[in-house]
Amino acid sequence: AADTTDWRVPFRYANWALAQNRLLDAGQRWASRALALDANFSTLRLAALYAAAAADYPTALRLGQDALALGRTLPTPPQGLADFERRVQAWHPQR
């Protein structure tokens, strides 16, 4: 049986669903579960991507900024950090 306290288990399901653009409602629930278990760069980033996919850009922006702030504090920058920074910038409302 899968470990229900390990954030990586629901993260994997949610990440797969988003990458395949399938089962997004279930994927969103898995992403929320992963985030609730551990708010780290990966789970915050994934939650932001789900919010953006649902066109909830204020939430995507907030979660994305939280992920970036956390990612910048890590001793080794997460893979794809610069690409994600560009994505988060695109979620800013036009001024």
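Residues numbered from 1 in each chain as written. Predicted model: local features only at pLDDT ≥ 70, side-chain atom pairs only at ≥ 80, totals over all residues. Heavy atoms only, no water.

> Tell me about the nonpolar core, residues and numbers included.
By size, the foremost hydrophobic cluster in this structure holds 16 residues, and its most contacted members are Phe84, Val88 and Trp91. If you list the elements that add at least two residues to this core, you get α3 (41–53), α4 (57–73) and α5 (81–90). At 7 residues, α3 tops the list of elements feeding residues into this core. Filtering out sequence-adjacent residues up to four positions away, valine 88 remains in contact with Leu61, Gly64, Gln65 and Leu68. Listed in part, the 7 residues of the second largest apolar core include Phe11, Ala14, Ala17 and Leu46. (Core = buried A, V, L, I, M, F, W, Y, C linked by side-chain atoms within 4.5 Å. Buried < 20%, exposed > 50% of the residue type's maximum accessible area, 1.4 Å probe, protein only. Helix = DSSP H or I, 4+ residues; strand = E, 2+ residues; numbered from the N terminus. Contact = heavy atoms within 4.5 Å.)

> Give me the environment of threonine 4: which residues, what numbers.
Note on placement: threonine 4 falls in the segment before α1 (8–20). Residue class for threonine 4 comes out exposed when judged on its relative accessible area of 58%. In this view, threonine 4 contacts Arg33 and Leu37; residues no more than four positions away in its chain are not counted.

> Which residues make up the side chain of aspartate 6, and what are the values?
Position of aspartate 6 relative to the elements: it lies in the segment before α1. Taking the relative accessible area as the measure of exposure, aspartate 6 reaches 16% and is therefore buried. A polar contact of 3.0 Å, which involves the side chain of aspartate 6, links it to the backbone nitrogen of arginine 8. (Polar contact = N/O pair within 3.5 Å; in protein donor to acceptor, adjacent residues only side chain to side chain.)

> Any chance you could break down unusual backbone geometry for me, citing the residues and the numbers?
The phi dihedral of asparagine 21 falls on the positive side, at around 55°, and the residue is not glycine. Residue position: asparagine 21 is located in the loop between α1 and α2 (24–37). Judged by relative accessible area, asparagine 21 falls into the exposed class, the value being 57%. Even without being a glycine, leucine 23 presents a positive backbone phi close to 50°. Here leucine 23 is to be found in the loop between α1 and α2.

> Explain the packing of α3 against α5 residue by residue, including any values.
Relative to each other, α3 and α5 sit at 35°, their axes nearing to 12 Å. Handedness of the crossing formed by α3 with α5: left-handed. Residues Phe41, Arg45, Ala48 and Leu49 of α3 touch α5, and the partners they reach there are Leu81, Phe84 and Arg87. Residues of the contact of α3 with α5, tallied by class, amount to 5 nonpolar, no polar and 2 charged. (Axes fitted to C-alpha atoms, helices over the stretch in contact; angles between N-to-C directions. Left-handed = near helix turned anticlockwise from the far one by under 90°. Nonpolar A, V, L, I, M, F, W, Y, C, P; charged D, E, K, R; others polar.)

> Which residues make up α2, and what values do they have?
Taking 1.5 Å of rise per residue, the 14 residues of α2 would be expected to cover 20 Å, and the 20 Å separating its terminal C-alpha atoms lies within 8% of that figure. Considered for burial, the residues of α2 that qualify are Gly27, Ala31 and Ala34. End-on, the buried residues of α2 take up no more than an arc of 60°, which puts them together on one face. Exposed and oriented more than 90 degrees from the buried face of α2 are Asp25, Arg29 and Ala36. Turning to α2, the residues buried within the fold contact α1 and α3. (Expected span 1.5 Å × (residues − 1). Arc of directions from axis to C-beta.)

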